[in-house]
Protein chains: 2
Amino acid sequence: MSIEKWGLHELTLTGPSEGNPFADVEFQVSYQFRNRMVTVDGFYDGDGVYRARFSPDREGEWSYITSSSAPELDGQCGTFVCSPPGPGNHGPVDVLGKHHFSYTDGTRYDCVGTTCYHWTYETKELQELTLESLRSAPFDKVRMCLLPTDGMRPERTPFAGNTPGSVDVERYDPEFFRHFESRVADLLALGIQADLILFHPYDRGVWGFDRMSPAQDAAYLRYVVARLAAYRNVWWSLSNEYDFNHEKTIADWDRLLQLVQRYDPYQRLRSIHNGTKMYEVFTPYDFGKPWITHQSVQHWDGAEVASWRDCPKPVVIDEIGYEGNAGRRWGNLTADEMVHRFWQGMALGGYVGHGESFVDRETRAWISIGGRLYGDSPERIDFLRAVFAGLPRQSDGEVDADRCVLHYLGDRQPSAVELDLPDGSPFHFDLIDTRAMTITPLAEYSGPSHIPLPATPYLALRGTR
Amino acid sequence: MSIEKWGLHELTLTGPSEGNPFADVEFQVSYQFRNRMVTVDGFYDGDGVYRARFSPDREGEWSYITSSSAPELDGQCGTFVCSPPGPGNHGPVDVLGKHHFSYTDGTRYDCVGTTCYHWTYETKELQELTLESLRSAPFDKVRMCLLPTDGMRPERTPFAGNTPGSVDVERYDPEFFRHFESRVADLLALGIQADLILFHPYDRGVWGFDRMSPAQDAAYLRYVVARLAAYRNVWWSLSNEYDFNHEKTIADWDRLLQLVQRYDPYQRLRSIHNGTKMYEVFTPYDFGKPWITHQSVQHWDGAEVASWRDCPKPVVIDEIGYEGNAGRRWGNLTADEMVHRFWQGMALGGYVGHGESFVDRETRAWISIGGRLYGDSPERIDFLRAVFAGLPRQSDGEVDADRCVLHYLGDRQPSAVELDLPDGSPFHFDLIDTRAMTITPLAEYSGPSHIPLPATPYLALRGTR
């Protein structure tokens with residue numbers, strides 16, 4: 001049996017099904033490669049079936065041995081061979097330097113995300129349409145929720161039961177997870193990271209998932225991590241708009257983030273996302289805390305990236321407003337404004353996420369359910385992605401200032417710009433029209449330079465040498 | 001002899017020319033109509049000539065008598081008849097209710113201003129071009145400076161002398177003022193208010209006009225008021241960007257504003273204009289002080305009008321950014337953005353001023369020198385002006401909410417808007433495209449209403465019944 005590096009090894013055993021096996025049975029597996037040992041939690045998958053999942057990070061022969069409070073699950077052992085990664089498998093995404101990301105094998109990761117909160121809850125046809133849309137879209141990350149909102153009445157939830165009031169939050173629904181995992185795997189096949197949102201404030205006590213006891217929260221997180229952490233495209237977003245959940249304090253979020261940190265053998269990327277209303281003062285979670293790997297920000301102003309970079313972690317504005325025609329402020333940006341915000345944030349060394357909220361088309365609100373994309377921004381974001389992918393970088397992921405300068409000029413229309421370029425060999429400048437998606441060679445400049453511009457908004461200047 | 005109501009009566013006498021007549025000679029004239037008496041300061045106009053100017057506000061026979069420290073100027077008396085106002089003469093502009101303006105005869109005053117700081121300092125040809133541009137532009141107020149900036153080397157300044165370092169700030173240049181007054185009269189003929197900026201911070205000690213002694217400041221203000229207050233289109237803007245002048249304190253500005261209040265027999269509109277940098281926190285002068293008639297604001301965000309209306313005085317955003325292609329942030333707005341800011345501010349019951357700063361055309365930077373207008377915003381501002389002029393108003397100038405609702409929808413593109421209209425007889429709605437300058441009838445609505453929209457930015461809804 002052979003598993004590719006960063007692939008997924010799954011062990012299946014049979015054990016007790018009486019009582020509450022989710023809570024009653026301890027089951028772990030220790031995997032060993034030479035002197036490296038990794039212990040993972042297994043999980044109950046219903047009908048007396050227990051599984052453990054493991055993603056190996058070394059090529060060669062691995063062995064494993066189980067340990068359990070249930071005799072049938074204890075002391076089982078075996079081996080498998082970890083083979084070289086297959087085509088397109090670059091490993092999980094990690095932080096590069098202070099403010100950037102990279103696949104583990106060193107391949108560039110662009111971090112151009114989008115959001116489809118509950119796409120896995122929709123009809124099979126709609127889910128497949130979402131995947132089809134993602135296949136031709138420029139996005140390499142999707143934010144998505146495990147838990148339903150107060151108004152949803154899905155066939156299945158992560159917990160046992162599908163009716164508010166009669167859900168058992170100490171048992172899980174294996175069928176829900178098997179489906180959810182298959183969608184995570186579908187994203188992986190498309191080269192897309194699954195930024196999994198573990199809690200959200202849109203429950204308001206209806207299901208009760210936003211106000212479980214600390215022990216129930218911990219058991220839920222442990223079960224989710226046991227099932228999903230081995231998928232190499234998984235990121236953990238502890239909560240969406242955590243500050244809108246008045247049932248939990250910052251100390252609660254600290255504790256839950258630390259639990260994920262402890263349960264997850266791979267240390268997948270981990271953050272928490274604020275919801276403080278746009279146009280109010282933004283007081284973010286302290287992303288400096290050691291269990292946070294990157295800053296998952298909601299804010300409307302890409303220019304703020306400059307200040308957030310004071311914290312030595314990547315800045316990802318996962319919500320900066322959505323292109324669309326919704327009634328709410330966050331959901332009716334023009335494509336011009338959406339793409340403007342991308343350029344602002346990315347030119348300052350941050351990352352920005354897309355979203356779309358057209359409410360009167362065949363499929364509604366991409367950010368909620370996926371479906372089709374109707375906006376004009378994805379094409380321009382694809383252009384932006386190509387421009388940024390082409391910039392020369394230092395080993396820490398920063399644009400190499402010795403070889404390249406990039407100035408985004410914003411929504412204004414100055415007839416010229418003054419740049420104080422380094423002396424020495426000149427930079428060859430190109431004019432990038434981010435709206436028309438054109439790149440036009442200009443001239444060479446070095447030292448203090450006056451660069452004439454066509455007076456039109458949404459331009460960028462790129463100088464390379 | 002007959003002077004129209006709100007016109008200008010000028011009395012000319014001859015007196016001493018030795019010493020410094022500007023400082024040495026006290027000269028006042030008391031005008032009387034029945035039991036109403038108004039005393040005005042006269043002024044020395046050079047070459048032994050003294051004048052006094054008076055703008056009568058009652059029709060009928062007025063008498064006057066002079067008083068002076070110089071015997072030749074003392075005890076002179078006479079009469080004149082004040083006739084009904086001529087065509088187009090609606091009197092000076094006054095505050096109406098808390099937040100609006102009106103001509104004294106009750107005619108609507110729109111308050112759609114622009115800025116040409118130093119147009120009167122330019123060549124005769126350019127000044128006439130500016131007047132020609134204003135004739136076909138939608139603006140009814142011009143902000144303009146009396147004092148030159150540090151970099152200007154004009155033939156004349158308000159003070160005696162035209163070379164930095166050799167100006168006598170205790171003597172004035174009557175020829176400068178005669179010319180300046182003729183331009184104020186030219187604006188009056190066009191129905192345009194002259195918002196006269198008495199100080200500014202762009203001197204930096206070069207001329208020394210920004211750091212005169214309290215007595216010199218007071219004498220300057222008294223001379224300016226004596227010469228100019230009788231022009232019924234004059235407004236006083238004590239300073240532009242007062243907070244950039246570090247030679248003066250708030251207490252100084254308080255004192256100088258109170259001096260203008262004391263000197264001016266007509267109580268022309270009076271304010272002071274901040275310069276706190278855009279995109280920093282804005283801490284305005286306390287416009288609640290009794291010598292302030294209206295709030296002359298510099299700020300980039302028309303949406304702030306709502307909060308400024310807490311102060312019971314009209315809000316006039318005299319600088320909200322300029323259409324153009326200048327290198328500086330304040331001077332390179334697109335027409336879309338400029339007009340968007342107008343609609344934002346005016347829909348909230350404020351007033352907004354225009355400016356233009358194209359730096360590479362035949363005549364440079366309208367805000368500095370006047371000349372030609374090149375932008376696309378004036379035409380759209382004219383359209384806006386017509387829309388606002390057509391709204392039914394209460395006696396205090398507010399839009400009459402019983403008969404009319406106006407919602408500006410901004411730079412977003414919602415596909416519908418929910419309005420909670422009053423019950424009762426329905427409102428007939430029109431869709432206003434502020435960019436295309438079109439008005440399209442929609443349907444009738446009352447009570448809670450869902451109004452579909454074409455998903456495009458820069459729309460407004462007007463409902464009337």
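The rules behind the values
Residues numbered from 1 in each chain as written. Chains lettered and ligands numbered in written order. Predicted model: local features only at pLDDT ≥ 70, side-chain atom pairs only at ≥ 80, totals over all residues. Heavy atoms only, no water. Helix = DSSP H or I, 4+ residues; strand = E, 2+ residues; numbered from the N terminus. Rg over C-alpha atoms; globule rule 2.2 N^0.38 Å. Buried < 20%, exposed > 50% of the residue type's maximum accessible area, 1.4 Å probe, protein only. Areas by Shrake-Rupley, 256 points an atom, 1.4 Å probe, with all protein chains shown as cover. Contact = heavy atoms within 4.5 Å. Buried area = accessible area lost by both parts, 1.4 Å probe. Salt bridge = Lys/Arg side-chain N within 4 Å of Asp/Glu carboxyl O. Polar contact = N/O pair within 3.5 Å; in protein donor to acceptor, adjacent residues only side chain to side chain. Nonpolar A, V, L, I, M, F, W, Y, C, P; charged D, E, K, R; others polar. Least-squares fit on C-alpha atoms with pLDDT ≥ 70 in both. Domains from an automatic or database assignment. Expected span 1.5 Å × (residues − 1). Pairing = 2+ DSSP bridges. Axes fitted to C-alpha atoms, helices over the stretch in contact; angles between N-to-C directions. UniProt positions renumbered as here; feature names shortened; annotations may be inferred. Left-handed = near helix turned anticlockwise from the far one by under 90°.

- Chain A is annotated in an unreviewed UniProt entry as DUF5060 domain-containing protein of Kribbella sindirgiensis.

### Concerning the overall build of chain A
Next up, step 1: Along chain A, the regular secondary structure elements total nine helices and 28 strands.
Next up, step 2: The C-alpha radius of gyration computed for chain A amounts to 24 Å, which stays within 12% of the reference 23 Å derived for 465 residues, consistent with globular compactness.
Next up, step 3: On the principal axes, the C-alpha backbone points of chain A span a range of 75 × 50 × 40 Å.
Next up, step 4: Put simply, chain A has 465 residues, and 59% of those count as buried.
Next up, step 5: When the accessible surface of chain A is summed, it comes to about 17900 Å², and 48% of that surface belongs to carbon and sulfur atoms.

### So, the interface of chain A and chain B
Next up, step 1: Each partner contributes residues to the interface: chain A has 23 residues there, and chain B has 23 residues.
Next up, step 2: For the pair chain A and chain B, the summed buried surface comes to about 1500 Å²; carbon and sulfur atoms form 43% of the total.
Next up, step 3: Seen at the junction of chain A and chain B, the total is zero salt bridges.
Next up, step 4: Linking chain A with chain B are 12 residue pairs in polar contact (both at pLDDT 80 or more).
Next up, step 5: Of all the secondary-structure elements, those providing two or more residues to the side of chain A that touches chain B are strand 20 (323-324) and helix 7 (335-347) of chain A.
Next up, step 6: Here the residues of the side of chain A that touches chain B are counted per class, giving 10 nonpolar, seven polar and six charged.

### Describing the relation of the copies chain A and chain B
Next up, step 1: At an RMSD of 0.1 Å, chain A and chain B line up after a rotation of 179° and a shift of 0.1 Å along the axis. These values place the two chain copies in the arrangement generated by a two-fold rotation axis.
Next up, step 2: An overlap of 100% is found between the interface residues of chain A and their copies at the interface of chain B, pointing to a shared contact surface.

### Digging into the domain arrangement of chain A
All names here are of chain A.
Next up, step 1: Taken domain by domain, chain A comprises domain 1 (2-83), domain 2 (93-389) and domain 3 (404-464).
Next up, step 2: At the interface, 22 residues of domain 1 touch 19 residues of domain 2.
Next up, step 3: Taken together, both faces of the contact between domain 1 and domain 2 bury some 1700 Å²; the carbon and sulfur share is 51%.
Next up, step 4: The three residues of domain 1 that bury the most area against domain 2 are Trp 6, Phe 22 and Arg 53, which together make up 36% of that side's buried surface.

### Observations concerning helix 2 (residues 124-135) of chain A
Next up, step 1: Along its 12 residues, helix 2 of chain A runs 17 Å from first to last C-alpha, staying within 8% of the 16 Å computed at 1.5 Å per residue.
Next up, step 2: Among all positions of helix 2 of chain A, only Leu 126, Gln 127, Leu 129, Thr 130, Leu 131, Ser 133 and Leu 134 of chain A are buried.

### Quick notes on the sheet that holds strand 26 (residues 438-445) of chain B
All names here are of chain B.
Next up, step 1: Read across the open sheet, the four strands follow the order 23-28-25-26; overall the sheet is antiparallel. Sheet topology places strand 23 (404-408) and strand 26 at the edges, where each strand pairs with a single neighbour. Geometrically, the sheet is characterised by an average inter-axis angle of 20° between neighbouring strands, direction not taken into account.
Next up, step 2: Sheet topology places strand 23 next to strand 28 (residues 459-464); five bridges connect them, and they run antiparallel. The residue of strand 28 that forms the bridge with His 407 is Leu 461.
Next up, step 3: Across the sheet, helix 7 (residues 335-347) touches strand 23, strand 25 (427-433) and strand 28, and the angle it forms with strand 23 is around 145°.

### Thoughts on unusual backbone geometry
Residue and element names in this part refer to chain B.
Next up, step 1: Phi at Arg 204 takes a positive value of approximately 50°, unusual for a residue other than glycine.
Next up, step 2: Position of Arg 204 among the secondary structure elements: in the loop between strand 15 (193-199) and helix 4 (214-228).
Next up, step 3: The backbone of Glu 241 shows a phi angle near 40°, a positive value even though the residue is not glycine.
Next up, step 4: If you trace the backbone, Glu 241 turns up in the loop between strand 16 (234-239) and helix 5 (250-263).

### Points about the UniProt feature "domain: DUF5605" (unreviewed entry) in chain A
Next up, step 1: Following the UniProt record, the feature "domain: DUF5605" (unreviewed entry) maps to residues 400-462 of chain A here.
Next up, step 2: As a span, residues 400-462 of chain A carries 0% helix and 57% strand, and end to end its C-alpha atoms are 12 Å apart.

### A word on the sheet that holds strand 21 (residues 351-352) of chain A
All names here are of chain A.
Next up, step 1: Read across the sheet, three strands follow the order 18-19-21 without closing on themselves; strand pairing throughout is parallel. Pairing within the sheet leaves two strands with one partner each, and these edge strands are strand 18 (295-298) and strand 21.
Next up, step 2: Relative to strand 19 (residues 315-319), strand 18 runs parallel, the two being bridged by four bridges. Bridge pairing in strand 19 places Gln 295 opposite Val 315.

### Some remarks on the pairing of strand 7 (residues 60-68) of chain A
The side chains of a regular strand alternate between the sheet's two faces.
Residue and element names in this part refer to chain A.
Next up, step 1: In this structure, strand 3 (residues 27-33) lies alongside strand 7, joined through six bridges in antiparallel fashion. Opposite Val 29, over in strand 7, you have Thr 66 as the bridge partner.
Next up, step 2: Summarising the sheet, strand 7 and strand 8 (residues 77-83) pair through six bridges and their orientation is antiparallel. Across the sheet, the residue bridging to Ile 65 is Cys 77, located in strand 8.

### Some remarks on the pattern of salt bridges
All names here are of chain A.
Next up, step 1: By the definition in use, this model includes 80 salt bridges over all chains.
Next up, step 2: Taking the shortest distance from any N to any O, the salt bridge between Asp 41 and Arg 222 comes out at 2.9 Å. Of this pair, Asp 41 sits in strand 4 (residues 36-41) while Arg 222 is found in helix 4 (residues 214-228), placing the two residues 181 residues apart along the sequence.
Next up, step 3: Taking the shortest distance from any N to any O, the salt bridge between Arg 178 and Asp 45 comes out at 2.9 Å. Of this pair, Arg 178 sits in helix 3 (residues 174-189) while Asp 45 sits in the loop between strand 5 (43-44) and strand 6 (49-54), and the two are 133 residues apart along the sequence.

### Some thoughts on the side chain of Ser 296 of chain A
Residues and elements named next belong to chain A.
Next up, step 1: Tracing the chain through its elements places Ser 296 in strand 18.
Next up, step 2: In this structure the side chain of Ser 296 is engaged in a polar contact, spanning 3.1 Å, whose partner is the side chain of His 273.
Next up, step 3: Look past the residues within four positions of Ser 296 in its chain and what remains in contact with it is Arg 143, Ser 271, Ile 272, His 273, Asn 274, Phe 287, Val 316 and Asp 318.

### Concerning the environment of Arg 380 of chain B
All names here are of chain B.
Next up, step 1: Following the sequence through the fold, Arg 380 ends up in helix 9 (residues 377-389).
Next up, step 2: Overall, the relative accessible area of 11% leaves Arg 380 in the buried class.
Next up, step 3: Placed 41 residues apart in sequence, Arg 380 and Val 339 show a C-alpha to C-alpha distance of 6.9 Å.
Next up, step 4: With near-sequence residues (within four places) excluded, Arg 380 lies in contact with Ala 335, Asp 336, Val 339, Thr 434, Arg 435 and Met 437.

### A few points about the packing of helix 4 of chain A against helix 5 (residues 250-263) of chain A
When two helices pack together, you describe them by how their axes are tilted relative to each other and by the distance separating the axes.
Residues and elements named next belong to chain A.
Next up, step 1: Contact geometry of helix 4 with helix 5 gives a least axis separation of 10 Å together with a crossing angle of 35°. Considering the relative orientation of helix 4 and helix 5, their crossing is right-handed. Mapping the contact onto sequence places Pro 214, Asp 217, Ala 218, Leu 221, Arg 222 and Val 225 in helix 4 and Arg 255, Leu 256, Leu 259, Val 260 and Tyr 263 in helix 5.
Next up, step 2: Looking at side-chain class alone, the contact of helix 4 with helix 5 contains eight nonpolar, no polar and three charged residues.

### Notes on the side chain of Asp 140 of chain B
Residues and elements named next belong to chain B.
Next up, step 1: Along the chain, Asp 140 falls in the loop between helix 2 (124-135) and strand 12 (141-145).
Next up, step 2: For Asp 140, a relative accessible area of 2% corresponds to the buried category.
Next up, step 3: Within the structure, the side chain of Asp 140 is placed 2.9 Å from the backbone nitrogen of Cys 111, a separation counted as a polar contact.

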